[in-house]
Amino acid sequence: MTVTIYHNPACGTSRNTLAMIRQSGEEPVVIEYLKTPPSREELVKLVSAMGLTVRDVLREKGTPYDELGLGDLDLTDDHLLDRMIEYPILINRPIVVTEKGVRLCRPSERVLDILSNPDIGPFAKEDGEVVVR
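Residues numbered from 1 in each chain as written. Predicted model: local features only at pLDDT ≥ 70, side-chain atom pairs only at ≥ 80, totals over all residues. Heavy atoms only, no water.

### Some thoughts on the sheet that holds strand β2 (residues 29-32)
And then number 1: Strand order across the open sheet formed by four strands is β2-β1-β3-β4, with mixed pairing between neighbours. The open sheet has two free edges, formed respectively by β2 and β4 (101-104), since each of these has just one partner strand. Each adjacent strand pair in this sheet contributes to an overall mean axis angle of 15°, direction not counted.
And then number 2: In this sheet, β2 lies alongside strand β1 (residues 4-7) in parallel orientation, the contact comprising four bridges. Each bridged residue has a counterpart across the sheet, and for Ile5 the counterpart in β2 is Val30. (Pairing = 2+ DSSP bridges. Helix = DSSP H or I, 4+ residues; strand = E, 2+ residues; numbered from the N terminus. Axes fitted to C-alpha atoms, helices over the stretch in contact; angles between N-to-C directions.)

Structure (structure tokens):
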């Protein structure tokens, strides 16, 4: 099985998710999406596979969301996708792809639902919170 994570190493949730994947025994394909953003087609496929809306995958905190006026609910998905491709920091993370599905892993333990070996034992997040499944 191949596991792929769209990862931002500056994000604690993304780092925790990556560590959980590795603790499950998988070495994922790591795509640092700020350096190598998904194409528009890839992003549309990811959003669809997650069963979310484009707006659900739009990140506000620490992004140019407000400056770009993206809070306007009349904006189309096409407009939002264009901005997400132009400013990849607007793509919420981490997104993980496995043979069991695609998830936006916020919180990070959501990744356990799609790993082939979700029994990773006790896991301590960077903030000290212990996750036990």
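### Quick notes on unusual backbone geometry
And then number 1: Arg93 connects to Pro94 through a cis peptide bond whose omega is -5°.
And then number 2: Looking at the element boundaries, Pro94 is found in the loop between α3 (77-86) and β3 (95-98).
And then number 3: Cis geometry is found at the peptide bond from Arg106 to Pro107, where omega equals 5°.
And then number 4: Mapped onto the elements of the fold, Pro107 is located in the loop between β4 and β5 (123-124).

### Comments concerning the domain arrangement of the chain
And then number 1: By domain assignment, the chain separates into domain 1 (1-33 + 93-132) and domain 2 (39-91).
And then number 2: The gap between the C-alpha centroids of domain 1 and domain 2 is 22 Å.
And then number 3: Counting residues at the interface gives 10 residues for domain 1 and 10 residues for domain 2.
And then number 4: Buried area between domain 1 and domain 2, summed over both chains or domains, comes out near 880 Å², and the portion from carbon and sulfur atoms is 67%. (Domains from an automatic or database assignment. Contact = heavy atoms within 4.5 Å. Buried area = accessible area lost by both parts, 1.4 Å probe.)

### Things to note about the side chain of His7
And then number 1: In this fold, His7 is placed in strand β1.
And then number 2: A distance of 2.6 Å separates a polar atom in the side chain of His7 from a polar atom in the side chain of Ser14. (Polar contact = N/O pair within 3.5 Å; in protein donor to acceptor, adjacent residues only side chain to side chain.)

### Describing α3
And then number 1: When α3 is considered as a whole, its buried residues turn out to be Leu80, Leu81, Arg83 and Met84. Relative to the axis of α3, the buried residues are bounded by an arc of 160° and lie together on one face.
And then number 2: Residues of α3 that are buried make contact with α2 (40-50). (Buried < 20%, exposed > 50% of the residue type's maximum accessible area, 1.4 Å probe, protein only. Arc of directions from axis to C-beta.)

### Considerations on the environment of Ser116
And then number 1: Considering the arrangement of structural elements, one finds Ser116 in the loop between β4 and β5.
And then number 2: Residue Ser116 is classed as partly exposed on the basis of its relative accessible area, which comes to 40%.
And then number 3: The sequence separation of Ser116 and Lys100 amounts to 16 residues, and the corresponding C-alpha distance is 7.6 Å.
And then number 4: Within the structure, the side chain of Ser116 is placed 3.4 Å from the side chain of Glu26, a separation counted as a polar contact.

### Notes on the pattern of salt bridges
And then number 1: In this structure the tally under the stated criterion is eight salt bridges.
And then number 2: For Lys125, the salt bridge goes to Glu109, with nearest N and O atoms at 2.6 Å. Placement of Lys125 in the loop between β5 and β6 (130-131) and of Glu109 in the loop between β4 and β5 is noted, with a sequence separation of 16 residues between them.
And then number 3: Judged by relative accessible area, which is 23%, Glu109 ranks as partly exposed.
And then number 4: With its nearest N and O atoms 3.5 Å apart, the salt bridge here joins Lys125 to Glu129.
And then number 5: Glu129 gets classed as partly exposed once you look at its relative accessible area, which sits at 38%.
And then number 6: Connected through shared salt-bridge partners, Arg40, Asp78 and Asp82 make up one network. (Salt bridge = Lys/Arg side-chain N within 4 Å of Asp/Glu carboxyl O.)

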